[in-house]
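Survey of secondary and tertiary structure
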Amino acid sequence: MTTPQEAQGEAPTIERLRELTRNIEAITESIREDRKSQKERSEELDRQMRETDRRLQKAEDLFTTQWGKLMESLVRDDLVNLLDGRDIGVRSLAQRTLTRRGGESYEVEIMAVNGEEIVVVEVKTTLRPEDVRRFRSKLVRFKEWWPEYRDRKVYGAMAFLQASDDVALHAERQGFFVIRATGDSASIVNVEDFEPRVFA
């Protein structure tokens, strides 16, 4: 049996425990709210970062597209004279030519055509070894995509703004005309006695 004195001693202790419990519950609720607020801020920050990434990608794509068109124009404007200097007379030029077959598509950036020959030109701001490999594998299938040119010799040319000497030499060894764009003009940098490979 509890004496009145013991009951009085327990009362503050029970009250103190209740108060501590309320404090713990309040702190726990505050932590929950902080976490929820942090999560919301984190989600908003993630959303903003995704939006920024999307806008940056869009700006980069626009820049790359415009820069690519500028490069193509620079090469295209000099291409007839450049090829004429290598005994390939050009009758017509086509730019950004696209064809589709069986669910696949094949795009040519520039095509210089005469009655016997076609020079397919790939334009890169920076020429890399994988560009040379990819273009070579694309060119050997050219006549599958453009059967109307099956009676013509198909040559390849790789035009670029910058590349290491090794990559340019590699492109030449693969049989490509190598065209370097500089300032406001372009020039073929292959050796004088270069013989282009017939790819198709």
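Let me sum up the structure you'll find in this document. (Residues numbered from 1 in each chain as written. Predicted model: local features only at pLDDT ≥ 70, side-chain atom pairs only at ≥ 80, totals over all residues. Heavy atoms only, no water.)

**Looking at the overall build of the protein chain**
Stated precisely, the cut-off is as follows: Only DSSP runs of H or I covering at least 4 residues are called helices, and only runs of E covering at least 2 are called strands; the numbering of each starts at the N terminus. Calculation of accessible area relied on Shrake-Rupley with a 1.4 Å probe; when residues are assessed, cover is drawn exclusively from the protein chains displayed.
A tally of helices and strands in the protein chain yields 4 helices and 6 strands. In sequence order, the protein chain lays out its α and β elements as α-β-β-β-α-α-β-α-β-β. For the protein chain, the exposed surface amounts to about 13300 Å²; the carbon and sulfur share of it is 49%.

**Describing the packing of aromatic side chains**
Our working definition: Whether two aromatic rings pair depends on their centres lying within 6.5 Å, for rings of Phe, Tyr and Trp, where Trp uses its six-membered ring; planes under 30 degrees apart make the pair stacked, over 60 edge-to-face, and the rest tilted. Burial status follows relative accessibility: with a 1.4 Å probe on protein chains alone, a residue under 20% of its type maximum counts as buried, one over 50% as exposed, and anything between as partly exposed.
Tallied over the entire structure, the rule returns 9 aromatic pairs. Between Tyr 155 and Phe 177, the ring centres sit 6.4 Å apart and the planes meet at 85°, which makes this aromatic pair edge-to-face. Remark: Phe 177 occurs in strand S5 (residues 177–182) and Tyr 155 occurs in strand S4 (residues 153–162); sequence separation between them is 22 residues. Grouping residues by exposure puts Tyr 155 and Phe 177 together as buried. Geometrically, the ring pair formed by Phe 177 and Phe 194 is edge-to-face, given 5.4 Å between the ring centres and 65° between the ring planes. Remark: Phe 194 occurs in the segment after strand S6 (185–188) and Phe 177 occurs in strand S5; sequence separation between them is 17 residues. For Phe 177, a relative accessible area of 2% puts it in the buried group. With a relative accessible area of 10%, Phe 194 lands in the buried category. Ring-pair connections join several aromatic residues into one group, and the members of that group are Tyr 106, Phe 142, Trp 145, Trp 146 and Tyr 149.

**Side note on helix H2 (residues 129–139)**
Put simply, the test is: Note that the arc is computed from the directions linking the helix axis to the C-beta atoms. Note on contacts: a residue pair qualifies if any of its non-hydrogen atoms lie within 4.5 Å across the two residues.
If you check which residues of H2 are buried, you get Asp 131, Val 132, Phe 135 and Leu 139. The buried side chains of H2 occupy one side of the element, clustering within an arc of 100° when seen end-on. Of the residues in H2, the exposed ones pointing more than 90 degrees away from the buried face are Arg 133 and Arg 134. Along its buried surface, H2 packs onto strand S2 (104–113), strand S3 (117–126), helix H3 (142–145), S4 and helix H4 (165–173).

**Overview of the pattern of salt bridges**
What counts is decided by this rule: In what follows, salt bridge is the name for a side-chain nitrogen of Lys or Arg lying within 4 Å of a carboxyl oxygen of Asp or Glu.
Scanning all chains against the criterion turns up 13 salt bridges. Here Arg 96 makes a salt bridge to Glu 107, at a shortest N to O gap of 3.3 Å. With Arg 96 in strand S1 (residues 92–101) and Glu 107 in strand S2, this pair connects stretches of sequence that are 11 residues apart. Accessibility expressed as a relative area gives 39% for Arg 96, which makes it partly exposed. Notably, a salt bridge pairs Asp 131 with Arg 134, separated by 3.5 Å at the nearest N-O pair. Residue Asp 131 and its partner Arg 134 are located together in helix H2, separated by 3 residues, close to a single helical turn. Asp 131 sits in the buried class, given a relative accessible area of 9%. Within this structure, Glu 15, Arg 18 and Arg 22 form a network of salt bridges that share partners.

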